[in-house]
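Here is how the chains run, residue by residue.
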Amino acid sequence: MKAGLHIAAFATLLCTLAAPAADFDSVFADSTLRIDYTLAGNSRDCHVFLNRQHKSAGWYGRRHNTSALPLQGNGIITMTDSVSGDTIYRHSFSTLFHEWRETAEAAQTSRSYENSFILPLPRKAAKVTIELLDNRHDVVASNSHYYSPSDILVSKRMPHKVSDYSYIHRGGDEHEVIDVAILAEGYAEAERELFMDDARNAVDAIFSHEPFASHRRDFNFIAVWTPSEESGISVPRLGDWRNTAFGSHYDTFYSDRYLTTPNVCAIYDSLEGVPFEHIIILANSPVYGGGGIYNSYTLTTSKNANFRPVVVHEFGHSFGGLADEYFYPNDEMAGLYPTDIEPWEPNITTLVDFASKWQPIVPEKTPVPTPAEQAERYPVGVFEGGGYSFKGVYRPADRCRMRDNDWPTFCPACQRAIELLINFYVGRE
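About the criteria used
- Residues numbered from 1 in each chain as written.
- Predicted model: local features only at pLDDT ≥ 70, side-chain atom pairs only at ≥ 80, totals over all residues.
- Heavy atoms only, no water.
- Core = buried A, V, L, I, M, F, W, Y, C linked by side-chain atoms within 4.5 Å.
- Buried < 20%, exposed > 50% of the residue type's maximum accessible area, 1.4 Å probe, protein only.
- Helix = DSSP H or I, 4+ residues; strand = E, 2+ residues; numbered from the N terminus.
- Contact = heavy atoms within 4.5 Å.
- Polar contact = N/O pair within 3.5 Å; in protein donor to acceptor, adjacent residues only side chain to side chain.
- Salt bridge = Lys/Arg side-chain N within 4 Å of Asp/Glu carboxyl O.

*Asks:* How should I be thinking about the nonpolar core in this particular structure?
*Replies:* In this structure, Tyr-37, Met-79, Leu-183, Ile-267, Leu-271 and Ile-279 are the most contacted members of the largest nonpolar core, which totals 53 residues. No other element matches strand β1 (residues 28-41), which puts six residues into this core. Not counting residues within four places of it along the chain, the set of residues in contact with Ile-267 comprises Leu-183, Phe-246, Thr-261, Ile-279, Ile-281 and Tyr-297. Of all hydrophobic cores here, the second largest spans 45 residues; its members include Ile-178, Tyr-187, Ala-202 and Ile-206.

*Asks:* Even after reading the chapter, I still don't get the side chain of Asn-74, so can you show me in this structure?
*Replies:* Residue placement: Asn-74 occurs in the loop between β2 (46-57) and β3 (75-81). Within polar-contact distance, the side chain of Asn-74 engages the side chain of Trp-344 at 3.2 Å. Look past the residues within four positions of Asn-74 in its chain and what remains in contact with it is Phe-93, Ser-94, His-98, Glu-131, Leu-132, Leu-133 and Trp-344.

*Asks:* For this particular structure, what's the right way to read the environment of Val-312?
*Replies:* With respect to the element layout, Val-312 can be found in helix α6 (residues 307-318). Owing to a relative accessible area of 1%, Val-312 belongs among the buried residues under this scheme. Residues Val-312 and Ile-206 lie 106 residues apart in sequence; the distance between their C-alpha atoms is 5.5 Å. Apart from residues no more than four positions distant in its own chain, Val-312 is found in contact with Ala-205, Ile-206, His-209, Arg-401 and Phe-410.

*Asks:* Got a minute to help me understand the pattern of salt bridges in this structure?
*Replies:* Per the stated rule, a full pass over the model turns up 21 salt bridges. The salt bridge partner of Arg-63 is Asp-30, with a shortest N-O separation of 2.8 Å. With a gap of 33 residues between them, Arg-63 in the loop between β2 and β3 and Asp-30 in strand β1 connect regions that are remote in the sequence. Residue classification places Arg-63 among the buried positions, given a relative accessible area of 11%. For Asp-30, a relative accessible area of 39% corresponds to the partly exposed category. A salt bridge links Arg-308 to Asp-204; the shortest N-O distance between them is 3.0 Å. Residue Arg-308 is found in helix α6, and its partner Asp-204 is found in helix α4 (residues 192-207); the two are separated by 104 residues along the sequence.

In structure tokens form, the structure reads like this:
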């Protein structure tokens, strides 16, 4: 889908596609198929290569709406039955590679990035296709391969050691709720209790926001102890490199506060045996920074004064697929969202297909665009400026958690989008 679903169509989809557990169990084993890919290229072309396939016990992702997508993302994985061709599972995502292709460096050189994805393990042979999309929603690279239960080269993964994890919050059975793993980055062996306190603080911050507060029973949050050789996080611009669990660092794409890690496979290696589908990584640093990539990970510092609002903001990206609602007056990043294409993110629009966004909750007679000086009169409107663009991209509210750290809540449109997504994952109509 290119522009999301109208709320009525979305509700119909949930009613139609919500599959009972018995349907899931007839198609999939209670196991996970992890696939590692290498994404490579530059601003002009790109490629996706299969690296490895692993299988392990337990599946903790969604068991409902398995053949549907709630959001398009910048990439899609589709699993089909190799005999009938029926779609049995779909997954959408974004990657750091997608973002890098928009940088000046990508116009001059080629690079590769690693990515890992988890899918339910099919009982029969299946075809797996991964597609990468550009900002016009066109497929720019794809790769298809077959998984067979009899393939002896699909390794059976066993944890190198038993993962050291504990529940921060347990809302229900791990097979029925949304499982979120919280990992330690830049915490030395002696800093375990410090990490646990930070993990509890992160969960408390998320649950202090609606709609998460009303859906506590739909989430499990699990702290996974992944100690580093050194304490702290790498800051390349200062020549300060640390030996940490996932090699994360500031200055991603030469942006001071953009904190990411290229070592995605290491993240997934550390989660073997842990019930999870979504990932938060807490970085032991007081320097402001973070990053959130849809259906990949949230990574943010835990010692900065803005830790609580930032971890929620970044989780809005990685879990909710929400776009940044801030913008630059000089339009220095204009073009990331072409104004003749509707963005896939649910909280920004170019008005090309506004009906698929928050139009159903905009009061009648609301002016479009909605003047910022009338924000108190219109808590939900169509305010110009968002997705880094000053003109041509619109956001739902003048202020929101997805725009600035000083605003205490998600706007009504973001709350609605997150709630739809939660219900999609747990199969609730």
